Amino acid sequence: MAAILDAQGLHKSFGAVTAADGISAAIERDSVVGLIGTNGAGKTTFINMITGYLKPDRGRIHYEGRDITELAPRDITRLGICRSFQIPQLYASLTAFENMMVGVGVVLRNAGLGGFLSRGRPLVPGHNLPAEEAAERILERFGLAEYRDKNAQVLPGGVRKLLDIALTMVAKPRILLLDEPTSGVSAEEKFAIMEMIMKAVRAEGATVLFVEHDMEVVSRFAERVLAFYDGRIIADGPPGAVLNDAEVRRFVVGGELHRIDEAQGRARA
Amino acid sequence: MSRDRTPLALGGIFVAIAAAGPFLPPWLLFILTLAIARGLVALGLMLLLRAGLVSFGQALYYCIGAYTAGALGIRLGVSDVLLQALAGAGVAALTAWILGFLLARYRGIFFGLLSLALSMILYGVIVKNEALGSTDGLNVLPSTLFGMKPHEGWLRYSVLVAASGAALIAALLVHRYLATPLGRLAPAIKDNEIRVEYMGASARQAIHVKYVIAATLAGMGGALAATTVGHIDPDMAYWTTSGEFIFVTILAGTGSVIAPFLGALIFGAIHTVAYDLSPNTWQMSLGGALLALILFLPDGVWSLFARRKAA
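Computed from a prediction, not measured in an experiment: that's the story for all the values here.

Looking at this structure, how should I read the overall build of chain B?
Helix and strand content of chain B: 13 helices and two strands. Against the 2.2 N^0.38 benchmark of 19 Å for 311 residues, chain B shows a C-alpha radius of gyration of 19 Å, consistent with a compact globule. In terms of overall dimensions, chain B has C-alpha extents of about 55 × 45 × 40 Å along its principal axes. Considering chain B as a whole, with its 311 residues, one finds that 51% of them fall into the buried category. Of all intrachain contacts in chain B linking residues separated by at least 6 positions in sequence, the fraction that spans at least 24 positions is 81%.

Below, the structure written as structure tokens:
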């Protein structure tokens, strides 16, 4: 399968701290990749470099053959690489619907539609619906219709997380990077939320990279796992192989060993 | 979807002003025209405020508009109210477009103080410049409208109608702009600029556009004020003038394009009454009014209408 994203030899240091120490990974189109590792292992730095928030000290990132290493976050988003955040980044004073309308507006504007002189209700590219309908449709797809008119700042944690991810879907991403999509969500809700996210995301045909600390979630939803440790990728492969890798078990998933074994046992059963 | 009544309301206000004008005393026509001029400046400030930016130096463009109108009359003999207003708006827009490359990089207190610094530089330049009338200022030519010189008794009314017409068009355009994706970006920029960038939009470019629009409106307001008062002076660029515009904007609220004009009218009324009652301590009355406003109507006078609509 062809690589849609290719990161080669990424290095990033903050003073004496090395956050990325030669990270290389080629991500295949339409794959679902889980990024695991302890805090400070380099997962979020990797995502931040792909999305342009951080510029690597060395190394290059190619998206569909195009070098995107030096592009600004907005230019990378416009190319089709979108991200969600560990702490949901919403427009707090706006309702869920208004949040979506901001996103829809940006998509329209980037397509040269809905400007000062435009007439009628232009269709949102990729959604083929007028702005309001496109916003409603995405809210419905993420089960957020009942929160439509609630201010983002008063929404429960799990709903805020979903809204944060729903916002990324407005631009019809070709690659979606989810930074800890289930953090702050109760254990009972995790799988339901991941199911909903993956269903909505896969329906759009996006390649997904997600950072996750819960190994049950990783083994259930990822097709491939990249294990990070100390700014490097120490294992890369299918979840079963990576989560059973001795180095990964020692450095990455230590405390979660019994949960992985249980999850794999359940999967076998 | 609720119907947008703002254009209709704006049109109704314009018709009401035009119809009632001939029956109003000259002092009230003066207050109304000046309120429209100030309301235009506040309309621009409202755009910036919605994006979380407070300009402490909007008097810069008010003064540029006023001096452009004055210079047009004195140097070129152009005294047409609307031509002066358009020229004032144009020169202010051009200045803001250039300065905007610098200002759009800053947020919060830095944006506010940088805008203040620029207005004070203009104040200093005018004060030291004899050709611009120094501290005494300059007299502005009596206004004409479409090449005609209105009769003495109708002059104030003509200027009021011209100012109302210009304000009507400006408010309708801003209202339309607020409904565009770029206009809707303002509260998003205020809430979370990082997210705006990650959605694929440039917050800096959006702020630059808003800054130029705000300056254009301030320039037009300054030109109309110059024609109304008949005199221009460096105080139009002074920081207290910028403070008055912020006062009007906060007094009005950011809920509608009508609000800044209402705020400017209330400001004018408070100012006039307070000055009449106590010429030496009128600032105290203004301060008291602002204090009461922040305590009881923190979202501005327009929030009263918004509440009624919501109820």
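So, next bit.
Would you mind showing me how to read the sheet that holds strand 1 (residues 3–14) of chain A here?
Within a sheet, neighbouring strands are paired by backbone hydrogen bonds and run either parallel or antiparallel to one another. Residues and elements named next belong to chain A. Read across the sheet, four strands follow the order 2-1-4-5 without closing on themselves; strand pairing throughout is antiparallel. Each of the sheet's edge strands pairs with one partner strand only, and the pair in question is strand 2 (17–28) and strand 5 (66–67). Pairing of strand 1 with strand 2 involves nine bridges; the strand directions are antiparallel. Residue pairing in the sheet places phenylalanine 14 in a bridge with valine 17 of strand 2.

What should I look at first to understand the interface of chain B and chain A in this one?
It is common to report an interface's size as the accessible area lost on association of the parts. Opposite the 19 residues of chain B that make contact, chain A presents 23 residues. Secondary structure elements with two or more residues in the side of chain B that touches chain A: helix 6 (155–178), helix 7 (181–191) and helix 8 (193–198) of chain B. Looking at the side of chain B that touches chain A, the element that brings in the most residues is helix 7 of chain B, giving seven residues. Looking at the side of chain B that touches chain A residue by residue, the class counts come to 10 nonpolar, four polar and five charged.

What is the right way to look at the packing of helix 11 (residues 259–277) of chain B against helix 12 (residues 282–296) of chain B in this model?
Two packed helices can be described by the angle between their axes and the distance between those axes. Residues and elements named next belong to chain B. Relative orientation of the contacting elements helix 11 and helix 12 amounts to 140 degrees, with a least axis distance of 8 Å. Classified by the interaxial angle, the pair formed by helix 11 and helix 12 is oblique. The chirality of how helix 11 crosses helix 12 is right-handed. Contacts between helix 11 and helix 12 involve Ile270, His271, Ala274 and Tyr275 from the former and Trp282, Ser285, Leu286 and Ala289 from the latter. Taken together, the residues of the contact of helix 11 with helix 12 break down into six nonpolar, two polar and no charged.

What is the right way to look at the environment of valine 242 of chain A in this model?
Residues and elements named next belong to chain A. Its place among the elements puts valine 242 in helix 8 (residues 239–243). The class of valine 242 is buried, set by 25 C-beta atoms lying within 10 Å. Residues valine 242 and arginine 224, 18 residues apart in the sequence, show an inter-C-alpha distance of 8.5 Å. Sequence-distant contacts of valine 242, defined by excluding residues within four places in its chain, comprise Val225, Ala227, Ala235, Gly237 and Val248.

I would appreciate a short explanation of the packing of helix 1 (residues 6–20) of chain B against helix 6 of chain B in the present structure.
Residue and element names in this part refer to chain B. Between helix 1 and helix 6, the least distance of the axes is 10 Å, while the angle of their chain directions is 175 degrees. Our classification of the angle between helix 1 and helix 6 gives roughly antiparallel. Counting all contacts with helix 1, which are made through Thr6, Pro7, Leu10, Phe14, Ile17 and Ala18, the residues of helix 6 involved are Leu160, Val161, Ser164, Gly165, Leu168, Ala171, Leu172 and His175. When grouped by side-chain class, the residues that make up the contact of helix 1 with helix 6 number 10 nonpolar, four polar and no charged.

In this structure, what is going on with the sheet that holds strand 10 (residues 207–211) of chain A? I would like to understand it.
Residue and element names in this part refer to chain A. Strand order in this open sheet of six strands is 6-9-10-3-11-12, and the pairing throughout is mixed. Both outer strands of the open sheet, strand 6 (81–83) and strand 12 (232–237), are each paired with one neighbouring strand and no more. Strand after strand, the sheet turns through a mean of 20 degrees between neighbouring axes, direction not considered.

Please explain the domain arrangement of chain A as it appears in this structure.
As assigned here, chain A comprises domain 1 (1–38 + 53–71 + 215–237) and domain 2 (92–173). Summarising the inter-unit geometry, the C-alpha centres of domain 1 of chain A and domain 2 of chain A are found 29 Å apart.

Would you mind going over helix 1 (residues 43–50) of chain A with me for this structure?
Structural remark: α-helix, 3.6 residues per turn; residues separated by three or four positions point the same way. Residues and elements named next belong to chain A. When you tally the buried positions in helix 1, you get eight out of eight residues, the bulk of the element. Among the residues of helix 1, Lys43, Thr44, Thr45, Phe46, Ile47, Asn48, Met49 and Ile50 are the ones counted as buried. Backbone geometry just after helix 1 places glycine 52 at a positive phi near 85 degrees.

Teacher, can you tell me more about the confidence of the model for chain B here?
When pLDDT is low, close inspection of the predicted coordinates is not appropriate. On average, residues of chain B score 91 in pLDDT, and 98% of them are at 70 or above. In the model output, the complex is listed with pTM 0.89 alongside ipTM 0.86.

Got a minute to help me understand the confidence of the model for chain A in this structure?
In this model, chain A carries an average pLDDT of 88, and 94% of its residues clear a pLDDT of 70 or more. Confidence scores differ between elements of chain A, with helix 10 (residues 257–268) of chain A showing the lowest mean pLDDT of 59 and strand 4 (residues 58–63) of chain A the highest of 95.

Would you take a moment to explain the environment of histidine 231 of chain B for this structure?
Of note, histidine 231 of chain B is situated in strand 2 (residues 231–232). C-alpha separation for the pair histidine 231 of chain B and valine 140 of chain B, spaced 91 residues apart in sequence, amounts to 5.3 Å.

I keep staring at helix 3 (residues 59–76) of chain B and nothing clicks. Help me out?
Residues and elements named next belong to chain B. When the terminal C-alpha atoms of helix 3 are compared, their 24 Å separation across 18 residues agrees well with the 26 Å that a helix rising 1.5 Å per residue should span. The element helix 3 is extensively covered by neighbouring structure, given that 15 of its 18 residues are classed as buried. Looking at the residues trailing helix 3, positive phi occurs at glycine 77, about 75 degrees.

Would you mind going over the pairing of strand 1 of chain A with me for this structure?
Residue and element names in this part refer to chain A. Linking two consecutive strands that pair antiparallel, namely strand 1 and strand 2, is a turn of two residues; a positive phi of about 65 degrees is found at glycine 15 within it. Relative to strand 4, strand 1 is paired through five bridges, and the arrangement is antiparallel. Looking at strand 4, one finds that histidine 11 is bridged to arginine 58.

Please explain the environment of tyrosine 63 of chain A as it appears in this structure.
Residue and element names in this part refer to chain A. Summarising the element assignment, tyrosine 63 is placed in strand 4. Sequence separation between tyrosine 63 and alanine 3 is 60 residues, and the spatial gap between their C-alpha atoms is 8.5 Å. Leave out the neighbours within four places in its chain, and tyrosine 63 touches Ile4, Leu5, Ile68, Leu79 and Ile81.

Please clarify how the nonpolar core should be interpreted in this entry.
One finds Ala166 and Ala227 of chain A to be the most contacted residues of the largest nonpolar core, which totals 183 residues. Examining the composition of this core, we find that 16 residues originate from one element, helix 2 (residues 26–50) of chain B, more than from any other. Each of two domains, domain 1 (1–38 + 53–71 + 215–237) and domain 2 (92–173) of chain A, supplies a minimum of three residues to this core. Alanine 227 of chain A has contacts with Ile36, Gly37, Ile233, Ile234, Ala235, Val242, Val248 and Val252 of chain A, leaving out every residue within four places of it along the chain.

Whenever I open this one, the pairing of strand 11 (residues 224–229) of chain A confuses me. Can you help?
A regular strand places its side chains on the two faces of the sheet in alternate fashion. Residues and elements named next belong to chain A. Most of strand 11 sits out of view: five of its six residues are buried. Looking at chain direction, strand 3 (residues 32–37) and strand 11 are connected through five bridges and run parallel. When the bridges of strand 11 are listed, leucine 35 appears paired with leucine 226. Pairing geometry for strand 11 and strand 12, over five bridges, is antiparallel. By the bridge assignment, leucine 226 is partnered in strand 12 with aspartate 236. Joining the antiparallel neighbours strand 11 and strand 12 is a turn of two residues, in which aspartate 230 adopts a positive phi near 55 degrees.

What counts as what
Residues numbered from 1 in each chain as written. Chains lettered and ligands numbered in written order. Predicted model: local features only at pLDDT ≥ 70, side-chain atom pairs only at ≥ 80, totals over all residues. Helix = DSSP H or I, 4+ residues; strand = E, 2+ residues; numbered from the N terminus. Rg over C-alpha atoms; globule rule 2.2 N^0.38 Å. Buried ≥ 20, exposed ≤ 12 C-beta atoms within 10 Å, placed from the backbone. Contact = placed C-beta atoms within 7 Å. Pairing = 2+ DSSP bridges. Nonpolar A, V, L, I, M, F, W, Y, C, P; charged D, E, K, R; others polar. Axes fitted to C-alpha atoms, helices over the stretch in contact; angles between N-to-C directions. Parallel < 35°, antiparallel > 145°, perpendicular 65-115°, else oblique. Left-handed = near helix turned anticlockwise from the far one by under 90°. Domains from an automatic or database assignment. pLDDT = per-residue confidence, 0-100. Expected span 1.5 Å × (residues − 1). Core = buried A, V, L, I, M, F, W, Y, C linked by C-beta atoms within 7 Å.

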